[in-house]
Amino acid sequence: MTIEEQLSAAVATATALTGERDDLRATIEKLTVGASAELESLKVEAAAKDAKVAELSASLEAMGAELAALKAKATDLEQSKVSASKQAAVIAASVGVAPTALPVEGAATPEAVNHLEKFMSLPVGKERTDYFNAHKAAIIKAAI
Amino acid sequence: MANSIVAAPAVLAESVIAAIRGRLPSLDGFSKVFTALEGQAGKAVQVPLVGYGTASQFSTGGYLTGDDANLTAATVTLKHFKYSARFSPLDVKSYGAQYLVNAFTPTAAVAIAEAALGEVAALLIAANYSASINTGASLSYAELITAKQTLDQARAGDPRSFVLNPTYANGLLTDSQLIGVLGLQAPVISSGKIGFVAGANSYMWSTLPTNSENLAGFACGADAIAVAAGLPYSEIPGFDMAVATDDQSGLSIQILMGQEQSGYYNVTATLLFGAAVGRATSLVRLTTA
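Below you will find a few notes about this structure. (Residues numbered from 1 in each chain as written. Chains lettered and ligands numbered in written order. Predicted model: local features only at pLDDT ≥ 70, side-chain atom pairs only at ≥ 80, totals over all residues. Heavy atoms only, no water.)

Examining the pairing of strand β2 (residues 44-48) of chain B
Residues and elements named next belong to chain B. The condition is simple: Under the scheme applied here, a residue whose accessible area is under 20% of the maximum for its type counts as buried, over 50% as exposed, and between as partly exposed, the area being computed with a 1.4 Å probe on protein chains only. Going along the chain from the N terminus, every DSSP run of H or I of four or more residues is numbered as a helix, and every run of E of two or more is numbered as a strand. By the convention used here, strands pair only if DSSP detects at least 2 bridges between them.
Of the two faces of β2, the one holding V45 and V47 is buried and the one holding A44, Q46 and P48 is not buried anywhere. Summarising the sheet, β2 and strand β3 (residues 73-77) pair through five bridges and their orientation is antiparallel. Bridging from a neighbouring strand, Q46 pairs with T75 of β3.

Overview of the pattern of salt bridges
Working definition: two side chains of opposite charge can pair if their charged atoms are close together. Residue and element names in this part refer to chain B. Inclusion rule: Salt bridge, as applied in this entry: a Lys or Arg side-chain nitrogen positioned within 4 Å of an Asp or Glu carboxyl oxygen.
Under the defined criterion, the tally for this structure stands at 12 salt bridges over all chains. Two residues, D152 and K148, come together in a salt bridge whose shortest N-O distance is 3.0 Å. Of this pair, D152 and K148 both sit in helix α4 (residues 141-153), four residues apart, roughly one helical turn. Taking the relative accessible area as the measure of exposure, D152 reaches 31% and is therefore partly exposed. Given a relative accessible area of 27%, K148 falls into the partly exposed group. With a shortest N-O distance of 2.3 Å, R160 and D152 are connected by a salt bridge. Here R160 falls in the buried class, since its relative accessible area comes to 12%. Sharing partners across several salt bridges, the network here consists of K148, D152, D158 and R160.

Some words on α4(B)
Residues and elements named next belong to chain B. Formally: Expected span of a helix, by definition, is 1.5 Å for each gap between consecutive residues, and there is one gap fewer than residues. Taken from the helix axis, the directions to the C-beta atoms give the arc we talk about. Any two residues whose heavy atoms approach within 4.5 Å are treated as being in contact.
Between its terminal C-alpha atoms α4 stretches 19 Å, which fits the 18 Å expected from 13 residues at 1.5 Å a residue. Among the residues of α4, L144, A147 and L151 are the ones counted as buried. Projected onto a plane normal to the axis of α4, the buried residues spread over an arc of 65° and lie on a single side. Next to the buried residues of α4 lie β5 (132-134), β6 (160-164), α5 (166-173), β7 (196-197), β9 (215-221) and β14 (283-287). Of the residues one or two after α4, R155 is the one with positive phi, at around 55°.

Side note on the sheet that holds β7(B)
All names here are of chain B. Counted only if it meets this: The axes are straight lines fitted to the C-alpha atoms, using for helices just the contacting stretch, and the angles between their N-to-C directions are given from 0 to 180°.
Here we have six strands laid out as an open sheet, ordered β5-β14-β9-β6-β8-β7, and mixed in their pairing. Strand pairing shows two members of the sheet lacking a second neighbour, β5 and β7, which therefore form its edges. Summarising the sheet, β9 and β14 pair through five bridges and their orientation is antiparallel. Within β14, the position partnered with L215 by the bridge is T287. Relative to the sheet, α5 contacts β6, β8 (200-204), β9 and β14, its axis offset from that of β6 by approximately 105°.

Things to note about the interface of chain B and chain A
Definition in use: For any pair of parts, buried area is found by adding up, for both, the accessible area (1.4 Å probe) each one loses once the two are put together. By the criterion applied in these results, polar contacts are pairs of N or O atoms within 3.5 Å in which, for protein atoms, one can donate a hydrogen and the other can accept it, and in which residues neighboring in sequence qualify only through two side-chain atoms.
On the side of chain A, 13 residues touch chain B, which itself brings 22 residues to the contact. Summing both sides of the interface, chain B and chain A together bury roughly 1500 Å²; the carbon and sulfur share of this comes to 71%. Here chain B and chain A share zero salt bridges between them. Summed over the shared surface of chain B and chain A, the result is one residue pair in polar contact (both at pLDDT 80 or more). Looking at the side of chain B that touches chain A, the elements with two or more residues in it are α1 (8-21), α3 (97-121) and β11 (240-245) of chain B. With six residues, the top contributor of residues to the side of chain B that touches chain A is α1(B).

That is the geometry; function is a separate question.
Now the structure itself:
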């Protein structure tokens, strides 16, 4: 190979390398810019999420306060309901009606008094005699 | 407890004691010891006599000298009385406890009361109580006062009683001095009872015996007669037992009930009772001759 040929080849190589270098530089610059943009975007996104979290926390706090207020209100209402029952009983009694509690569903109803059993459980003496005289018919009826 | 006789004795005991209570009011006028303790016939009971005492002046002897010479006691020996009846199980099952109460209570009460009164009546003889007033065929208010005078002089204890047979008791209801100015509004007219008169409770004793001494009544202080009662120790296998006590007098009755081998229900009312002479001068017999 001649000198001219060698020079020409070297120039071509240098040109190619320069082009390749430029490409690499462009790529690196491009990559650098992209990373910066991405980082910037992530920062923006994080800031938005922080704001959202703060907003939600504030909301939650507000809801907690609202719940406490509602519970207090419910208690007040329950108490006013009892007072209303008492008031109703007082009004009923004032017109000569003896208020009687209605049996609660599921609650055990009181059993009828077993006078014989009660009589037999008392010790001999005045108390037993008085009980016998007070419930004589029921005791005798149940005795046999 | 249905279809069982376990509770029946308790029911009968309460019924019988209530019936006896009305038949032995005069016992309230005697010195008495009534308990529900169990014993047996022949048991001796010391009955303090309600009397009078005389206080003495305190001296060097201190309190060691007894001043209760007139507050003594009488020994009463208890006897065992019982009234038993038998009932068909079919009747009891068919008619229930009310049938038992109706059939047993009145008869048992009369029988037991009469047995108790009989013990007292046997004491009312001249050999025990020498003081007597011949009050003739009928008794007057003035004669009651005479008897009261005798008790006063003997310093008989309180409360005091006039116990009269029906002739004397009913005769007094028409006594002009008891009716007095009240006329038809007098208590003896409306109630048919003499009640409290001349400082004493009056009782009618329908079955007061004459004791072959023309006895028609008596006036007494509480210390004249001592009575005592208790309950027999009774354990019969297969029988149920119950006790009832009159809270006013303390008198108790015991009821035993069980089924005999014959099949009949045996119901028994039982008690221990006795009477004894207390202070002989605290009783005046009223006689018709």
